[in-house]
Amino acid sequence: METTRKIIEIDDELCDGCGQCVPSCAEGALQIIDGKARIIADKLCDGLGACMGDCPNGALKIIERNADEFDEEAVDKHLAKTAQKDAVKIEEPVMACGCASQHIQTLSPSNTIKCNADEVKITSNQSSMLSNWPVQIRLIPPQAPFLKNADLLITADCVAVAYPNLHSKLLPGKIIMMGCPKFDNVDEYIEKFKEIFTTAAVKSLTIVSMEVPCCSGLSGIVKKGLEAAKADIPITEIIISAQGKILSDTGNPYATQNIQIL
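Remember, it's a predicted structure, so these values are computed and weren't measured experimentally. (Residues numbered from 1 in each chain as written. Predicted model: local features only at pLDDT ≥ 70, side-chain atom pairs only at ≥ 80, totals over all residues. Heavy atoms only, no water.)

**Observations regarding the packing of helix α4 (residues 186-199) against helix α5 (residues 217-229)**
It is at 8 Å that the axes of α4 and α5 come closest, and there the two elements cross at 50 degrees. Judged on the interaxial angle alone, α5 and α4 are oblique. Handedness of the α4/α5 crossing: right-handed. Facing V186, Y189, I190, F193, K194, F197 and T198 of α4, the residues of α5 in contact are I221, V222, K224, G225, L226, A228 and A229. Considering only residue class, the contact of α4 with α5 consists of 10 nonpolar, two polar and two charged. (Axes fitted to C-alpha atoms, helices over the stretch in contact; angles between N-to-C directions. Helix = DSSP H or I, 4+ residues; strand = E, 2+ residues; numbered from the N terminus. Parallel < 35°, antiparallel > 145°, perpendicular 65-115°, else oblique. Left-handed = near helix turned anticlockwise from the far one by under 90°. Contact = heavy atoms within 4.5 Å. Nonpolar A, V, L, I, M, F, W, Y, C, P; charged D, E, K, R; others polar.)

**Structural notes on the environment of Q136**
Relative to the assigned elements, Q136 resides in the loop between β9 (132-133) and β10 (151-156). In contact with Q136, not counting residues within four places along its chain, are D157, M178 and G179.

**Some remarks on the state of the cysteines**
Using the criterion set out here, one finds zero disulfides in the structure. Here C25 stays free of any disulfide, with the sulfur of C51 as its closest cysteine sulfur at 6.0 Å. Take C158: it sits in no disulfide, and the sulfur closest to it among the cysteines is that of C180, at 6.3 Å. (Disulfide = S-S within 2.5 Å.)

**Overview of the sheet that holds strand β14 (residues 246-247)**
The strands making up a sheet are joined through hydrogen bonds of the backbone, oriented either antiparallel or parallel. The strand order across the open sheet formed by five strands is β11-β10-β12-β13-β14, and the pairing between neighbours is mixed. Each end of this open sheet is capped by a strand with a single partner; those strands are β11 (175-179) and β14. Where β10 meets β11, five bridges bridge the pair, whose relative direction is parallel. In the sheet register, A156 faces β11, and the bridge partner there is G179. Packed on one face of the sheet, α4 meets β10, β11 and β12 (204-210) and runs near 165 degrees to β11. (Pairing = 2+ DSSP bridges.)

**Re the side chain of S204**
Along the chain, S204 turns up in strand β12. S204 sits in the buried class, given a relative accessible area of 17%. Engagement of the side chain of S204 in a polar contact is seen with the side chain of D151, the distance being 2.5 Å. S204 has contacts with A150, D151, L152, I233 and P234, leaving out every residue within four places of it along the chain. (Buried < 20%, exposed > 50% of the residue type's maximum accessible area, 1.4 Å probe, protein only. Polar contact = N/O pair within 3.5 Å; in protein donor to acceptor, adjacent residues only side chain to side chain.)

In structure tokens form, the structure reads like this:
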């Protein structure tokens, strides 16, 4: 039955579909649909606004309008159904063609993926070791389940192109987060890492950047997040050359003393 009550409203102009609001909705009322946050059913939204603080663009607000009454029983059924789906082990992930960055996923490393009905096989003998999605720092919510007790591999975007052994040498057993310290929002990254290091019980950090000076900022961003969180997490730092080699501390003026040679 409809009634006039408080409920979340989403401004399409401000929403960029980052998905950070989705995990903060305990009722599971929010989903990213067609690149925008949407309330999937009015009866699932309690109108309290717990999701608002996680929107970096201020796209969410509380309004009063006619809407179905909040239904706790419907919420319980919805969450149970969602949990059941999440518990299903998918051996060969099926992904929609195009960008699905809004879908938080824990993956099983595989050398075969499916794109709708068409199977695409990786022809290289090297299998993908990717175990999480999304991979961009700005798209990963601090509450993503794959961050819990993780060994984090935090890399500059260019590393994936420059270093050919990323999957075989650096990625196995790690959760990857990628970003650009020059073009991305530094303050946003520091705040995100602070929240991750405060809540996710991260076990270790491996920071991989390029030899160019502007890339050295990645290490500083992560360390400022650590400092803000007052966290003590072991760090390994690796510098990659433009030719795809891992450099030692003696051969690179931007490297630190904790360089690992692979």
